[in-house]
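Structure assessment
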Amino acid sequence: MNFFIKTYGCQMNVNDSEKMQHILENKGLTITRDEGSADIVIINSCAVREKPQDKIFSYAGRLPKDKIIIVAGCVAQAEKEKILERNPNINYIVGTHQYYQIDGIVDEILETRNRKTGIKVQFIRQWQEAIPGIDARTSHVSGYISIMEGCNNFCSYCIVPFARGREKHRPFEKIMEEAAYLAEKGYKEIILLGQNVNNWEDKERNMKFTDLLDVMAQRIDVKWIRFITSYPGYYDNELIAVMAKHRKIARNIHFPAQSGSTRILKKMNRIYTRGQYLDIIRRFKKRIPDITFSSDFIVGYPGETGNDFKLTLSLVKKVEYENIFSFIYSPRKHTRAFKMEDKLSLEVKKQRLYELQELQRKIQLKNNKALAGSTVEVLITGKNPKKPGDVIGRTVSYRVVNFKSGTGAGEFTRVLIEHVGPYSLRGREVPGRLSGNSN
Ligand code: SAH
Ligand code: SF4
């Protein structure tokens, strides 16, 4: 029996898909590279905006009728049985907290062959350990580790608390076990995952996220430890201290601001004001001068005026992010903002998105130009599929670097930057010593 997994959305979904793959492979099923040859197609869905949500329905609609189609992930959890009504091709739905039971669910499906059996979408309150050491990983360079799931923040626009439930924190030992396993397997960087990572804690051990980082940086033999996503303002002093202490913790933070206007931030139910956000950034930069930031922004939030939007542009100019992800506001059912009046035309929203992305492009080009002629340290993440002989690497601040190399994925090397664009750098490998990770 063959299966195929189509994954939409964030890195946590990718990680959950890898776990499902591992479980099903252990059960004797075989993963296939294309849906055409699969008996079972699992769609791991994303509900965060309307577009990715719609994609799963058009994708499922295109699949041949003889396939068993399982929808897992966030749309499954948030929409439940409604999914089956919307698309008769879909056979089963599996919630965000049931993916680790996918083997039993597949058994149930194969036994009964009935539509709508195996529907499991209820939330569970505690962290569920999927399986120790997951081998079905797409990357053999960057090891992702889920450390928490869910969110208690209820930002007014966001479906995550309805799709992933309340926060559940993975116990310290389990995280360390997986980290040690990955380091032993030769992974070069560890990326801790969660919707709100800096709120992680292990109550029994009286440990906060920054304690976890501290212990991990001391004990786990990898070059970089990263984490995504952090909420601006949770334990920032402790985070500054632990990042200043260990170079192993990559000096790059994804700190989604969402807007530069305090008025809009209040409406979004974010806990910081524009001034507080900028103050957090300033304090990080003061103590760790080489730190860099990235962010997410929503434009066209209900009630966003031209002036609010200007404040977002000016925030972006002030912080000079390495990279931003920007989105037009997408109304999501279940959320508070869903009922807010949304008067702005799509034209205006698109124009604002364009302006924001143009500004960021200019900032990135300027910052990349400043790197021309210098040598940067790069982790090779893989071959460039479009250019034979070329590899793609990432700097500590996550900038993309293209170059030719005799070595492959997982190697650290030095690259002299010769050409720059807004979204990537190009150069040639040069000999020389790599920096250590000593504190
Ligand atoms: N936990 C993270 C974000 C998770 S969702 C955080 O708090 O930052 C990823 C990004 O999607 C968000 O940062 C936000 O910018 C965007 N997003 C979430 N809901 C959205 C919506 N309804 N419309 C448009 N963008 C949205
Ligand atoms: Fe969504 Fe806000 Fe939680 Fe992020 S912090 S997942 S945006 S509710």
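It should be noted that the structure appears before, not after, this text.
Criteria and cut-off values
Residues numbered from 1 in each chain as written. Chains lettered and ligands numbered in written order. Predicted model: local features only at pLDDT ≥ 70, side-chain atom pairs only at ≥ 80, totals over all residues. Heavy atoms only, no water. Pairing = 2+ DSSP bridges. Helix = DSSP H or I, 4+ residues; strand = E, 2+ residues; numbered from the N terminus. Disulfide = S-S within 2.5 Å. Buried < 20%, exposed > 50% of the residue type's maximum accessible area, 1.4 Å probe, protein only. Axes fitted to C-alpha atoms, helices over the stretch in contact; angles between N-to-C directions. Parallel < 35°, antiparallel > 145°, perpendicular 65-115°, else oblique. Contact = heavy atoms within 4.5 Å. Nonpolar A, V, L, I, M, F, W, Y, C, P; charged D, E, K, R; others polar.

1. As for the pairing of strand β16 (residues 375-383)
With five bridges connecting them, β16 and strand β19 (residues 412-420) associate as antiparallel partners. The residue bridging Leu-379 from the neighbouring strand is Phe-412, located in β19. Connecting β16 to the next strand, strand β17 (residues 390-394), in antiparallel fashion are six residues, including Gly-389 with a positive phi near 90 degrees.

2. Remarks on the state of the cysteines
Working definition of a disulfide: a covalent bond connecting the sulfur atoms of two cysteines. Counted by the stated rule, this structure contains zero disulfides. The thiol of Cys-74 is unpaired, and the distance to the nearest cysteine sulfur, on Cys-46, comes to 6.3 Å. Judged by relative accessible area, which is 11%, Cys-74 ranks as buried.

3. Let's talk about the packing of helix α1 (residues 11-26) against helix α5 (residues 102-112)
Between α1 and α5, the least distance of the axes is 9 Å, while the angle of their chain directions is 60 degrees. Classified by the angle between their axes, α1 and α5 sit oblique to one another. In this structure, α1 contributes Met-20, Ile-23 and Leu-24 to the contact, and α5 contributes Ile-102, Asp-103 and Val-106. Broken down by class, the residue content of the contact of α1 with α5 amounts to five nonpolar, no polar and one charged.

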